[in-house]
Amino acid sequence: MPELPEVETVRAGLAARVVGRTVADVDVLHPRAVRRQAGGAAELVARVRGRTVTAAVRRGKYLWLTLGTDAAAPPDEALLAHLGMSGQLLVQEPDEARDGGVGAPDGSAVAAFLAPPGERPVDLTATQPPTLVRTIPATTAHLRVRLRFADGGQLWFVDQRTFGHLMAATTVPTDDGAPGGYGSDAPVLPGPVAHIARDLLDPALDRTALVRRTRARVTEVKRALLDQGLVSGVGNIYADEALWRSRLHGTRRTDRLPVAGLRTLFDDAAAVMREALAVGGTSFDALYVDVEGAAGYFARSLAVYGRAGMPCPRCSAPVRREQFMNRSSYSCPRCQRRPPV
DNA sequence: CATATCCCCTGCGGGC
DNA sequence: TGCCCGCAGGGGATAT
């Protein structure tokens, strides 16, 4: 379940290992991975093949590789990626890559292209690049898209639950003239993510405006935190952690929260994500744990998420779990009083 | 227009 | 033993 810190770790890995490489070909092994692409797999392949990656950029949980021709001009085209909840981008260096052949665009031949045992991809989702190379036995079974670079290296999009996707997209200018995301100075971003707000670690984020827009909404504060059109990058885990730090229950109304309280909440959300990023960007998905062979580092730093019944680190009251928006929310019943209905 | 709900998908753990 | 259910999750599409 990659949120901002995990996606940023992937972005940094792509910046280190993929930028400068030219895409020789693309194999789409599962059509669902490119479902947002008008024209489907053929369109994506046609638009990416032959292009050189000029930057790896991220806004919130979205990331994209800009595809250049002229180094001076802002990139007009990008390969956009969202990892969904189980997506991974894995780099294979030439001596590690094993060519399984050309995939069928309709995905019918997926089984024929499974990675042979012993394959050694670099797991960018699990490491601060370019430090470690480790075998990933389970994840290679869900290879959805493979980019083959001209130098023999490959970039794999692996996604067990297929909530993630890739697409080629034309860029549009940002509405404020600031860079479109972290990782590039170009004031552009892919059109399909133009509605995604700047995230809490974006230097161009206008915090005052964010607080104002939040208070103008009539909704619950956790819904607001999770609304990527208001502020991006925050998912269920970091939302719960930020609310705990701010001593706010997720059902508090945004229009009734004081300005200072909201400012603190966003500061807390940014802080918790920075701390997670500092230890390598931890995911809490079972796949990740399997890959690492151990629980992620940041899991040890969680105050409430996934800790129902365990003591609140602040007051020792047992953490409560509630159903919210068809998913679980964790909070301290003593530190985070539920607002009156 | 703003806000809320539904649903896409796979693997796993728990209950019966 | 094995099946069924709930759960995990982001966000686009659809509904209110």
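Residues numbered from 1 in each chain as written. Chains lettered and ligands numbered in written order. Predicted model: local features only at pLDDT ≥ 70, side-chain atom pairs only at ≥ 80, totals over all residues. Heavy atoms only, no water.

**Quick word on helix α6 (residues 259-278)**
Given 3.6 residues per helical turn, the α-helix brings residues three or four places apart onto the same face. A rise of 1.5 Å per residue sets the reference length of α6, with its 20 residues, at 28 Å; its end C-alpha atoms lie 29 Å apart and thus fit the reference within 8%. Turning to α6, its buried residues number three or more, namely Leu-262, Leu-265, Phe-266, Asp-268, Ala-269, Ala-270, Val-272, Met-273 and Ala-276. Among the structural elements, α1 (4-17), α3 (207-215), α4 (221-226) and α5 (236-245) are those in contact with the buried residues of α6. (Helix = DSSP H or I, 4+ residues; strand = E, 2+ residues; numbered from the N terminus. Expected span 1.5 Å × (residues − 1). Buried < 20%, exposed > 50% of the residue type's maximum accessible area, 1.4 Å probe, protein only. Contact = heavy atoms within 4.5 Å.)

**Some points on the packing of α3 against α6**
The geometry of α3 relative to α6 is characterised by a closest axis approach of 10 Å and an angle of 120° between their N-to-C directions. The two elements α3 and α6 meet at a crossing, and its hand is right-handed. Residue-level contacts link Arg-207, Leu-210, Val-211, Thr-214 and Arg-215 of α3 to Val-259, Leu-262, Arg-263, Phe-266, Asp-267 and Ala-270 of α6. Among the residues forming the contact of α3 with α6, the class breakdown is six nonpolar, one polar and four charged. (Axes fitted to C-alpha atoms, helices over the stretch in contact; angles between N-to-C directions. Left-handed = near helix turned anticlockwise from the far one by under 90°. Nonpolar A, V, L, I, M, F, W, Y, C, P; charged D, E, K, R; others polar.)

**Re the pairing of strand β4 (residues 77-82)**
Counting buried positions along β4 yields six of six residues, so the element is predominantly enclosed. Here β4 shows two buried faces, one formed by Glu-77, Leu-79 and Ala-81 and the other by Ala-78, Leu-80 and His-82. Taken together, the six bridges between strand β3 (residues 62-68) and β4 define a ladder with antiparallel strand orientation. Directly across from Trp-64, in β4, lies its bridge partner Leu-80. Two strands pair when backbone bridges link them, and β4 and strand β9 (residues 165-173) are joined in this way by six bridges, in the antiparallel orientation. Bridged to Glu-77 within β9 is Thr-170. (Pairing = 2+ DSSP bridges.)

**Remarks on the UniProt feature "domain: FPG-type" (unreviewed entry) in chain A**
As recorded in UniProt, the sites labelled "domain: FPG-type" (unreviewed entry) are residues 303-337. Helix makes up 0% of residues 303-337 and strand 29%. Its end C-alpha atoms lie 16 Å apart. (UniProt positions renumbered as here; feature names shortened; annotations may be inferred.)

**Overview of the pattern of salt bridges**
Tallied over the full model, the rule gives 20 salt bridges. Across the pair Arg-58 and Glu-8 runs a salt bridge, and its minimum N-O distance is 2.8 Å. With Arg-58 in strand β2 (residues 52-59) and Glu-8 in helix α1, this pair connects stretches of sequence that are 50 residues apart. Considered together, Arg-58 and Glu-8 belong to a single accessibility category, that of buried residues. Salt-bridge contacts for Arg-146 lead to Asp-27; the nearest nitrogen and oxygen are separated by 3.0 Å. Taken as a pair, Arg-146 in strand β7 (residues 143-149) and Asp-27 in strand β1 (residues 23-28) lie far apart in primary sequence, 119 residues in all. Accessibility classification places Arg-146 together with Asp-27 in one group, the buried group. Three or more residues are tied together by salt bridges with common partners; here these are Glu-8, Arg-11, Arg-58 and Asp-199. (Salt bridge = Lys/Arg side-chain N within 4 Å of Asp/Glu carboxyl O.)

**Quick look at the sheet that holds β3**
Read from one edge of the open sheet, five strands run β2-β3-β4-β9-β10, paired in antiparallel fashion. Pairing within the sheet leaves two strands with one partner each, and these edge strands are β2 and β10 (188-190). Ignoring strand direction, the axes of neighbouring strands in this sheet form an average angle of 30°. Relative to β10, β9 runs antiparallel, the two being bridged by three bridges. The residue of β10 that forms the bridge with Val-172 is Leu-189. Of the strands in this sheet, β2 and β3 are in contact with α1, which crosses β2 at around 165°. Sitting on the sheet, helix α2 (residues 40-48) is in contact with β3, β4 and β9, with an inclination near 55° to β9.

**A look at the protein's contact with DNA strand B**
Around DNA strand B, the neighbouring residues are Arg-32, His-142, Gln-160, Arg-161, Thr-162, Phe-163, Arg-217, Val-218, Thr-219, Arg-223 and Asn-326. In DNA strand B, atoms within 4 Å of the protein come 71% from sugar and phosphate. Within the backbone of Val-218, one N or O atom sits 2.8 Å away from a phosphate oxygen of DNA strand B. Arg-223 is positioned with one of its side-chain polar atoms (N or O) 2.9 Å from a phosphate oxygen of DNA strand B. Its residues assigned to classes, the surface near DNA strand B comprises two nonpolar, five polar and four charged. (Near = heavy atom within 4 Å. Polar contact = N/O pair within 3.5 Å; in protein donor to acceptor, adjacent residues only side chain to side chain.)

**Structural notes on the nonpolar core**
Residues Leu-200, Leu-265 and Phe-266 are the most contacted members of the largest nonpolar core, which totals 38 residues. Of all the elements in the fold, those that place two or more residues in this core are α3, α4, α5 and α6. The element contributing the most residues to this core is α6, with eight residues. Excluding residues within four positions of it along the chain, Leu-265 makes contact with Val-221, Leu-225, Ala-242, Leu-243, Ser-246 and Leu-248. Ranked by size, the runner-up nonpolar core spans 30 residues in total, among them Val-7, Val-23, Val-145 and Leu-166. (Core = buried A, V, L, I, M, F, W, Y, C linked by side-chain atoms within 4.5 Å.)

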